[in-house]
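Here are the chains, one letter per residue:
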Amino acid sequence: MSEDFGPNFITLTDEDGNEFELEYIDALELDGQTYMAFFPAVEEDAAEEDLGLVILKSIMVDGEEQLSTLDSDEELNRVYDLFMEQLLADEEENS
């Protein structure tokens, strides 16, 4: 994904109707499943320790693409490790 146009943001609504904004970082496919990585969009005065990588997967519900949380800690850890490897490799290429 080209960063020539700046960051991409999406707004999600959870089951309780709460909206939150995420900045899209990257995507990868694993075993036929698409996973997407995001960072929470935060105000400038927010504490940095509150920031963390958010990983969601793309699923089809009634013919519509939706983002969903991962099913297990195993799945989350596996995908997180792959994203971190990819992000570190991208960072090294740009150095």
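Residues numbered from 1 in each chain as written. Predicted model: local features only at pLDDT ≥ 70, side-chain atom pairs only at ≥ 80, totals over all residues. Heavy atoms only, no water.

Regarding its fold elements, the protein chain presents one helix and five strands. Order of helices (α) and strands (β) in the protein chain, N terminus to C terminus: β-β-β-β-β-α. Among the 95 residues that make up the protein chain, the fraction classed as buried is 21%. In the protein chain, the proportion of contacts linking residues at least 24 apart, taken out of those at least 6 apart, comes to 31%. Summing over all exposed atoms, the protein chain offers an accessible surface of approximately 7,300 Å²; the carbon and sulfur share of this is 43%. (Helix = DSSP H or I, 4+ residues; strand = E, 2+ residues; numbered from the N terminus. Buried < 20%, exposed > 50% of the residue type's maximum accessible area, 1.4 Å probe, protein only. Contact = heavy atoms within 4.5 Å. Areas by Shrake-Rupley, 256 points an atom, 1.4 Å probe, with all protein chains shown as cover.)

Evaluation of the coordinates by the stated rule reveals one aromatic pair. A ring pair is formed by tyrosine 24 and phenylalanine 38, whose centres lie 5.9 Å apart and whose planes are at 70°; its orientation type is edge-to-face. With tyrosine 24 in strand E2 (residues 19–30) and phenylalanine 38 in strand E3 (residues 33–40), the pair connects residues that are 14 residues apart, well separated along the chain. (Phe/Tyr/Trp six-rings, centres within 6.5 Å; stacked < 30°, edge-to-face > 60°.)

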